[in-house]
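Structural features, examined
Here's the letter readout for the chains.
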Amino acid sequence: MINSKFQFNKNLFMFFKFLNQAISKHNFIFKVFLFVINIVFLINNAKAENDLKKTNRYSQSLSIQFGINGYLSDKNSFGLQLIPPDLSYSVELFDNDIFNISTAIFYDNIGVKIKDSNFSYRFGQRLDFGYEFGIFTPYITMGLGSIRKNHNYQTSMIYGGGFLTKIRERILWANEINFQDVHRSNSSYKIANLSTGIVYAF
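Below is a short write-up of the structure.

Analysis parameters
Residues numbered from 1 in each chain as written. Predicted model: local features only at pLDDT ≥ 70, side-chain atom pairs only at ≥ 80, totals over all residues. Heavy atoms only, no water. Pairing = 2+ DSSP bridges. Helix = DSSP H or I, 4+ residues; strand = E, 2+ residues; numbered from the N terminus. Axes fitted to C-alpha atoms, helices over the stretch in contact; angles between N-to-C directions. Buried < 20%, exposed > 50% of the residue type's maximum accessible area, 1.4 Å probe, protein only. Polar contact = N/O pair within 3.5 Å; in protein donor to acceptor, adjacent residues only side chain to side chain. Contact = heavy atoms within 4.5 Å.

1. Considering the sheet that holds strand β8 (residues 187-201)
Strand order around the closed barrel formed by eight strands is β1-β2-β3-β4-β5-β6-β7-β8, with antiparallel pairing between neighbours. Direction aside, neighbouring strands of the sheet carry axes that sit 25 degrees apart on average. One ladder, built from ten bridges, connects strand β4 (residues 117-131) with strand β5 (residues 136-149); its direction is antiparallel. Residue pairing in the sheet places Gln125 in a bridge with Leu144 of β5.

2. Quick notes on the side chain of Asn175
Summarising the element assignment, Asn175 is placed in strand β7 (residues 171-184). Its relative accessible area of 16% is what places Asn175 among the buried residues. Side chain to side chain, Asn175 and Thr196 meet in a polar contact 3.0 Å long. Each residue touching Asn175, except ones within four places of it in the same chain, is listed here: Tyr139, Gly162, Phe163, Ser195 and Thr196.

Just geometry here; none of it tells us what the structure is for.
Structure below.
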């Protein structure tokens, strides 16, 4: 079990490396951000097995969500995106039974068209800061995402908030809204993503 977890984390680190090369090739800030998170991730996972033995907690999770997306200046732009769903893999960095911090890599199906520009999907990395209140965990999120616009990519900050509701021992219900500023010609637009789905902790 331990060997399989560390092999999985090794594979994930290789994915981080690929993500770093693919997204951040032309974005120095994003490259530094990913490098710092990757170092924290490796340090955290070196201690993960001992921490789990002591606390019997789950330090990783997978999420599948479905979103309604659009840009704020046009309410008619909003639509439901089902296939493929939004996906993320999260690793807990800190938890003292009150506050928690986690990092996640994610893929979001956006599907928003602004005039002749199609913002189809995005992927990146984020940090979540949560406050545990019984079965509820409200949180704020911030990170960087690379969004595909026609045949190119734009990288900018993602920010928002949401809450988790514990349904069963390993199952949580997630609800979130987040925003990302994108550019078309000389104009700026704020894309909104409102999503709901299930989180499986392990």
